[in-house]
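Per-entry structural report
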Amino acid sequence: MAIKEPSITASPNRGLALTAGTVLAIWGFLGFFFAGDGDPGFFNRHGGMLWNAFGVNPATALVWVLLAVALLLVGLGNTIGSRNVNILVGVVLVVFAVYGFVFVNTSANVFALNTTDNVFHAIVGVILLLTAFGADKENIRALRADAARA
């Protein structure tokens with residue numbers, strides 16, 4: 001008997017992937033419009049401001065859009081893929097936050113990150129990681145056991 005893939009509402013990893021993906025997609029697409037408010041250039045250190053809080057340049061907006069696409073695709077897909085991509089994106093966002101905190105006022109800040117960006121990346125990254133490692137254990141165990149039987 002095949003195990004049915006949990007629905008989006010029954011799988012915290014799928015639901016979170018879709019939610020975080022939607023937020024990052026909105027931030028990313030709007031970021032492309034507001035990135036031009038600062039210095040010109042893809043990797044400029046003084047990008048525009050999104051909602052007068054988030055520093056953004058085209059490179060930051062592109063990273064957000066790429067992460068959003070990955071999260072949205074797996075959120076619509078399956079639980080195991082959502083868990084794996086939540087781990088990957090969570091790690092990327094936490095690294096992005098650490099990078100931002102370390103290089104915020106230096107010439108190495110090629111993503112125009114500010115403290116708001118860094119806190120946002122850290123919070124979303126940690127939530128993705130905690131959900132990936134703490135939720136859906138029974139669903140994933142059942143799906144893997146079913147795949148092993150097939």
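Shown above is the structure to which this text applies.
Residues numbered from 1 in each chain as written. Predicted model: local features only at pLDDT ≥ 70, side-chain atom pairs only at ≥ 80, totals over all residues. Heavy atoms only, no water.

As for the packing of aromatic side chains
Our working definition: Geometry of aromatic contacts follows a simple scheme: Phe, Tyr and Trp rings, the Trp one being its six-membered ring, pair when their centres are within 6.5 Å, and the pair is stacked under 30 degrees between planes, edge-to-face over 60, tilted otherwise. Numbering of helices and strands runs from the N terminus, with a helix taken as a DSSP run of H or I at least four residues long and a strand as a DSSP run of E at least two residues long. Accessibility here uses a 1.4 Å probe with only protein chains present; expressed as a share of the type maximum, an area under 20% marks a residue as buried, one over 50% as exposed, and anything in between as partly exposed.
Considering all chains together, one arrives at 7 aromatic pairs under this definition. Judged by centre distance (5.6 Å) and plane angle (80°), the rings of tryptophan 27 and phenylalanine 54 are edge-to-face. Of the two residues, tryptophan 27 sits in helix α1 (residues 12-34) while phenylalanine 54 sits in strand β2 (residues 54-56), which places them 27 residues apart along the sequence. Of the two residues examined, tryptophan 27 and phenylalanine 54, each falls in the buried class. The interplanar angle of 80° and the centroid separation of 5.9 Å between the aromatic rings of tyrosine 99 and phenylalanine 111 together place this pair among those described as edge-to-face. Here phenylalanine 111 lies in the loop between α3 (79-103) and α4 (115-134) and tyrosine 99 lies in helix α3, a separation of 12 residues in the sequence.

A word on the packing of α1 against helix α2 (residues 58-75)
Helix-helix packing is described using two parameters, namely the angle between the two axes and the distance between the axes. Heads up, the condition is: Note on method: axes are straight lines fitted to C-alpha atoms, helices fitted across the in-contact stretch only, with angles between N-to-C directions ranging 0 to 180 degrees. Oblique is the label for every angle not falling under 35 degrees (roughly parallel), over 145 degrees (roughly antiparallel), or within 65 to 115 degrees (roughly perpendicular). Left-handed describes a crossing in which the near helix is turned anticlockwise from the far one by less than a right angle; the clockwise case is right-handed. Charged means Asp, Glu, Lys or Arg here, nonpolar means Ala, Val, Leu, Ile, Met, Phe, Trp, Tyr, Cys or Pro, and polar covers whatever is left, Gly included.
The interhelical angle for the contact between α1 and α2, taken along N-to-C directions, is 155°, at an axis separation of 7 Å. One way to sum up the angle between α1 and α2 is to call them roughly antiparallel. The interaxial crossing formed by α1 with α2 has left-handed handedness. Grouping the amino acids of the contact of α1 with α2 by side-chain chemistry returns 18 nonpolar, 5 polar and 1 charged.

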